[in-house]
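Here is what each chain is made of, one letter per residue.
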Amino acid sequence: MTTKVSTNQRNAMCDAAVDRIDGGTGAGTIAIRTGTEPTNVSDASSGTLLGTLTFSGTAFGAASSGVATAASITSDTDADASGDAGYFRCYQGAAADTAAEWQGKAGESGDSPEMTFDNKSIVAGGTIAISSFTFTVPASA
Amino acid sequence: MSRKAVKPDPTKGPACFAPPLNEAELAEYKSLAESAEEPVRDAMASLITMVEKFRETPESKLPGVALETPYTQSPFRDGKGNPKAPPQIVPLEDSEVERIWDYVPWGHELNAMGQVFEQIPHESKPELRNAAFHLLWFGRELLLDREPMTNDKI
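Read on for a plain summary of the structure. Here the structure is a predicted model, which is why all the values come from computation and not from measurement.

Under the criterion given, the structure shown has 15 salt bridges over all chains. Residue A:Asp84 pairs with B:Arg140 through a salt bridge whose shortest N-O separation is 2.8 Å. Within this pair, whereas A:Asp84 is found in strand β4 (residues 83-84), its partner B:Arg140 is found in helix α5 (residues 126-143), the two belonging to separate chains. Accessibility assignment for this pair places A:Asp84 and B:Arg140 in one class, buried. Between B:Arg99 and B:Glu96 there is a salt bridge, with its nearest N and O atoms 2.9 Å apart. Taken together, the residues span about one helical turn, with B:Arg99 and B:Glu96 both in helix α3 (residues 94-100) at a distance of three residues.

Turning our eyes to something else, we now look at the packing of helix α2 (residues 40-54) of chain B against helix α4 (residues 107-117) of chain B. In helix packing, the relevant descriptors are the interaxial angle and the interaxial distance, both defined with respect to the helix axes. Residues and elements named next belong to chain B. Following both chains from N to C, one finds α2 and α4 inclined at 135°, their axes separated by 10 Å at the closest point. Judged by the inter-axis angle, α2 sits oblique to α4. When you trace α2 past α4, the crossing you get is left-handed. Note on element contacts: α4 touches α2 through Leu110, Met113, Val116 and Phe117, opposite Val40, Ala43, Met44, Ser46 and Leu47. Residues that form the contact of α2 with α4 fall into these classes: eight nonpolar, one polar and no charged.

Attention shifts here to the pairing of strand β1 (residues 29-33) of chain A. All names here are of chain A. Most of β1 is tucked away, with five of its five residues classed as buried. Of the two faces of β1, the one carrying Thr29, Ala31 and Arg33 and the one carrying Ile30 and Ile32 are both buried. Examined bridge by bridge, β1 and strand β2 (residues 49-54) share five bridges and lie antiparallel to one another. Across the sheet, Thr29 pairs through a bridge with Thr54, a residue of β2. With five bridges joining them, β1 and strand β5 (residues 87-91) adopt antiparallel strand pairing. Considered in β5, the bridge of Ile30 is made with Cys90.

Calculation rules
- Residues numbered from 1 in each chain as written.
- Chains lettered and ligands numbered in written order.
- Predicted model: local features only at pLDDT ≥ 70, side-chain atom pairs only at ≥ 80, totals over all residues.
- Heavy atoms only, no water.
- Salt bridge = Lys/Arg side-chain N within 4 Å of Asp/Glu carboxyl O.
- Helix = DSSP H or I, 4+ residues; strand = E, 2+ residues; numbered from the N terminus.
- Buried < 20%, exposed > 50% of the residue type's maximum accessible area, 1.4 Å probe, protein only.
- Axes fitted to C-alpha atoms, helices over the stretch in contact; angles between N-to-C directions.
- Parallel < 35°, antiparallel > 145°, perpendicular 65-115°, else oblique.
- Left-handed = near helix turned anticlockwise from the far one by under 90°.
- Contact = heavy atoms within 4.5 Å.
- Nonpolar A, V, L, I, M, F, W, Y, C, P; charged D, E, K, R; others polar.
- Pairing = 2+ DSSP bridges.

In structure tokens:
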């Protein structure tokens with residue numbers, strides 16, 4: 001049997017999750033790395049760091065229908081290395097493994113990722129930009 | 001059936017707006033490719049041929065579509081950090097798509113090249129790795145039938 005939650009519950013869970021990004025020292029960050037994501041968010045990062053983007057001071061707006069939309073994200077205008085984006089991690093403050101809050105697969109639509117780009121190749125010195133980012137709590141689980 | 005399973009989508013953009021690739025850099029990439037081992041050499045050579053073919057004609061004159069963002073204030077910034085309009089996605093003209101068709105690898109071929117290039121160690125061969133992924137980036141852009149969205153266009 002599937003557990004279902006109300007929209008109020010979804011919004012509350014969503015807000016609680018995304019508000020944690022604001023709990024560190026300084027704005028939260030998103031790191032994009034190569035390779036397959038680690039099994040657990042608490043695991044050490046793997047792969048090559050391609051770049052790091054920075055959330056706004058208040059990273060997300062209030063959730064609606066279980067979806068929180070990130071406020072403007074500051075691009076990384078000088079990518080650290082070249083490679084294909086494999087996964088991302090979101091952090092409280094700076095990108096340190098102990099501050100990781102969630103992670104997901106990054107890639108193109110054919111990769112069935114959580115973070116979708118239409119070109120997943122990243123080139124050192126390029127600008128990594130995220131034009132839209134949402135966090136969703138589903139209606140049932 | 002169209003090879004282009006994914007058409008330019010104004011709601012999404014590349015992960016990375018790569019640096020432009022000038023003629024001197026392309027010549028350097030050729031040299032790096034020639035000194036690389038297989039299968040990196042062949043993959044880079046085919047991508048270099050693709051870039052050279054693409055550059056034979058002027059840029060597309062078709063109207064662009066602004067990359068959509070949900071924000072009231074654009075997340076893109078100018079050199080002084082001020083918000084600026086989102087970049088434009090400019091589709092290639094049909095005649096250009098047809099002209100370069102045989103030179104642009106399929107998506108699964110690009111992914112296979114990416115896996116090959118991923119084996120290039122960035123610690124000991126950063127120039128070769130950067131060159132390979134820069135060329136791969138162009139391949140992924142051209143597969144989308146659009147003018148490559150280099151970082152001078154944002």
